[in-house]
Amino acid sequence: MVRLMSDCQAIQAIQPAILLLKFSSLWRSPTPICTTFRRGNVDINQGNMMSKISVIMAAYNSAPYIERAILSVQNQTHSDWELIIIDDCSTDFTADLIGELSKNDERIIYHRQDKNKGPAAARNRGLSEASGEWFTILDADDAFKPDRLKRMLDAAILNDAHFVADNQIFYNFDDGIEAGSVFSVNQKLKTLSFEDLLYSEYPKQYRLGYMKPLIRRSILKSHNIRYEEDLRYAEDFTLYAEFILTGYKCILMPEPLYIYTTQRSKMSGQSSPASHTVFTPTTKIDIADRLAKKYGSVLTTSQSAALRKYRNYVKTYAAAHSMSRLKGERRFGRLISSLVINPKGAAMFLAGQKPFRSMSGLEL
């Protein structure tokens, strides 16, 4: 004779099975949960593959070399990226080449400026179009090593950093040879300070303004930091200085992952056809004044002293550079007048000092 159970008895009978299924479902959940990272033994892959990176490239008459740059992004081991190319009103076939390279890759996004506005405006346009959590800059004549984005993102996660810069590799444009790194790969990873950035502008130092860091995009937006569009020289340096002054952690890693095309070839001494930079030393004085005006009230004593010292230095250098130009133009009357008016600049000029060292290792 079959005994029929009440509804209550039936529920009590299957309750252990229901609990077992619940725990089994949680244990075997097909969607991994991104956990909070611990320092030490960390599984990096849990977080970095969920982070989209916007690579921003300003391009102007870049047809001869832009293919190398685009392919270096497409070959990244970190696949969650978008490449935003801002064409600054090129007159060659840059647009046609980009169209050909991007027709099978929807991650490449192309926009054309209505007129030539310079690299700062192009990069700001790229930031406005970006959707990534992070962004980095790639110049149209440069390239990435294949694991650059992954390794920089790994470093950001491990070090709780919001700005990650890497070492750079010199690349001679005329012979296509990589010619060593900017600084020793044996250096330790370090935290970057405002003072470090300023110090890098002094004689026989490599200017950190040439860095192409990985930056958390939301911080720029929340602090209203943009590239200064009226600058066509040192606009990168200015943005990096402002970011560092927000107080978020910035690091420099020794691995050389960015391939930098030198402005002058070490082999031939010729200038790169891709370089459109106009060297104007007086711009650095203006930048120092802008930083002092905008951040003077929040600078530490050390930062204020470093900024004042930096301004005095670039002012002296600008004067010496002007004297050198007057000599080259054989304007000796103006030269003598400048020597009398500015004794510090005169001392630097007469000593034959050319302090700003270029990334190619050649003095300007």
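Residues numbered from 1 in each chain as written. Predicted model: local features only at pLDDT ≥ 70, side-chain atom pairs only at ≥ 80, totals over all residues. Heavy atoms only, no water.

**Student:** Just checking my understanding: could you explain the overall build of the chain for this structure?
**Tutor:** Counting secondary structure elements, the chain contains 13 helices and ten strands. A buried classification covers 45% of the 364 residues belonging to the chain. Counted over contacts in the chain with a minimum sequence separation of 6, partners at least 24 positions apart contribute 78%. By element, 54% of the accessible surface of the chain is carried by carbon and sulfur atoms, the whole surface being about 19200 Å². (Helix = DSSP H or I, 4+ residues; strand = E, 2+ residues; numbered from the N terminus. Buried < 20%, exposed > 50% of the residue type's maximum accessible area, 1.4 Å probe, protein only. Contact = heavy atoms within 4.5 Å. Areas by Shrake-Rupley, 256 points an atom, 1.4 Å probe, with all protein chains shown as cover.)

**Student:** Explain the pattern of salt bridges here, please?
**Tutor:** Pairing is possible between side chains of opposite charge, provided their charged atoms come close. Evaluation of the coordinates by the stated rule reveals 25 salt bridges. Across the pair Glu-255 and Arg-151 runs a salt bridge whose closest N-O atoms are separated by 3.9 Å. Pair noted here: Glu-255 is in strand E10 (residues 250-261) and Arg-151 is in helix H6 (residues 148-159), with a separation of 104 residues, a long-range link. Overall, Glu-255 belongs to the partly exposed group, its relative accessible area being 27%. Under the relative-accessibility criterion, Arg-151 is labelled partly exposed at 32%. One salt bridge connects Glu-329 with Arg-331, and the closest N-O pair in it is separated by 2.9 Å. Under the relative-accessibility criterion, Glu-329 is labelled partly exposed at 40%. Residues participating in the shared-partner salt-bridge network are Arg-123, Asp-139, Lys-212, Glu-235 and Asp-236. (Salt bridge = Lys/Arg side-chain N within 4 Å of Asp/Glu carboxyl O.)

**Student:** What am I meant to see in H6 here?
**Tutor:** Residues that lie three or four places apart on an α-helix share one face, since the helix turns once every 3.6 residues. The terminal C-alpha atoms of H6 lie 16 Å apart, and with twelve residues this matches the ideal 16 Å at 1.5 Å per residue to within 8%. Of all the positions in H6, only Arg-148, Leu-149, Met-152, Leu-153, Asp-154, Ala-155, Ala-156 and Asn-159 are classed as buried. Within two residues after H6, Asp-160 carries a phi angle of roughly 50°, on the positive side. (Expected span 1.5 Å × (residues − 1).)

**Student:** What is the right way to look at the nonpolar core in this model?
**Tutor:** Ranked by size, the top nonpolar core spans 55 residues in total, and within it Phe-163 and Phe-194 carry the most contacts. Apart from residues no more than four positions distant in its own chain, Phe-163 is found in contact with Leu-192, Met-211, Pro-213, Leu-214, Ile-215, Tyr-240, Phe-243, Lys-249, Cys-250 and Ile-251. Counting 34 residues, the second largest nonpolar core, distinct from the first, contains Leu-83, Ala-155, Ala-156 and Tyr-260. (Core = buried A, V, L, I, M, F, W, Y, C linked by side-chain atoms within 4.5 Å.)

**Student:** Looking at this structure, I do not really get the packing of helix H11 (residues 301-328) against helix H12 (residues 332-341). What am I missing?
**Tutor:** Think of two packed helices as two axes; the pair is described by the angle between the axes and how far apart they sit. Contact geometry for H11 and H12: axes closest at 8 Å, N-to-C directions at 160°. Relative to H12, the element H11 lies roughly antiparallel. Both H11 and H12 take part in a crossing whose hand is left-handed. Residue-level contacts link Met-323, Leu-326 and Lys-327 of H11 to Phe-332, Arg-334, Leu-335, Ser-338 and Leu-339 of H12. Grouping the constituent residues of the contact of H11 with H12 by class yields five nonpolar, one polar and two charged. (Axes fitted to C-alpha atoms, helices over the stretch in contact; angles between N-to-C directions. Parallel < 35°, antiparallel > 145°, perpendicular 65-115°, else oblique. Left-handed = near helix turned anticlockwise from the far one by under 90°. Nonpolar A, V, L, I, M, F, W, Y, C, P; charged D, E, K, R; others polar.)

**Student:** What should I look at first to understand the packing of helix H9 (residues 235-244) against helix H10 (residues 282-295) in this one?
**Tutor:** Taken N-terminus to C-terminus, the directions of H9 and H10 make an angle of 25°; their axes are 11 Å apart at the nearest point. The orientation of H9 relative to H10 falls into the category roughly parallel. Seen along the crossing, H9 lies across H10 with a hand that is right-handed. Contacts between H9 and H10 pair Phe-237, Thr-238, Ala-241 and Glu-242 from the former with Ile-287, Leu-291, Lys-294 and Tyr-295 from the latter. When its residues are assigned to classes, the contact of H9 with H10 shows five nonpolar, one polar and two charged.

**Student:** I would appreciate a short explanation of a nonpolar patch on the surface in the present structure.
**Tutor:** Taken together, the side chains of Ile-336, Val-340 and Ile-341 make up a nonpolar region of the molecular surface, amounting to roughly 350 Å² of accessible area. One can find Val-340 in helix H12. (Patch = residues over 30% accessible without salt bridge, like charges linked within 9 Å, V, L, I, M, F, W, Y side chains within 5 Å.)

**Student:** Would you mind showing me how to read the confidence of the model for the chain here?
**Tutor:** When pLDDT is low, close inspection of the predicted coordinates is not appropriate. Across the chain, the average pLDDT comes to 83, with 79% of residues at or above 70. Segment residues 1-44: pLDDT under 50, and 20 contacts once partners within four positions in sequence are set aside and those in other chains are kept. In this model, residues 353-364 is a region of pLDDT below 50 whose contacts with residues beyond four sequence positions or in other chains number 43 contacts. (pLDDT = per-residue confidence, 0-100.)

**Student:** Whenever I open this one, the environment of Gly-180 confuses me. Can you help?
**Tutor:** Relative to the assigned elements, Gly-180 resides in strand E7 (residues 177-181). Between the C-alpha atom of Gly-180 and that of Ile-259, which follows or precedes it by 79 residues, the distance is 10.0 Å. The contact partners of Gly-180, leaving out residues within four places of it in the chain, are Gln-168, Ile-169 and Phe-170.

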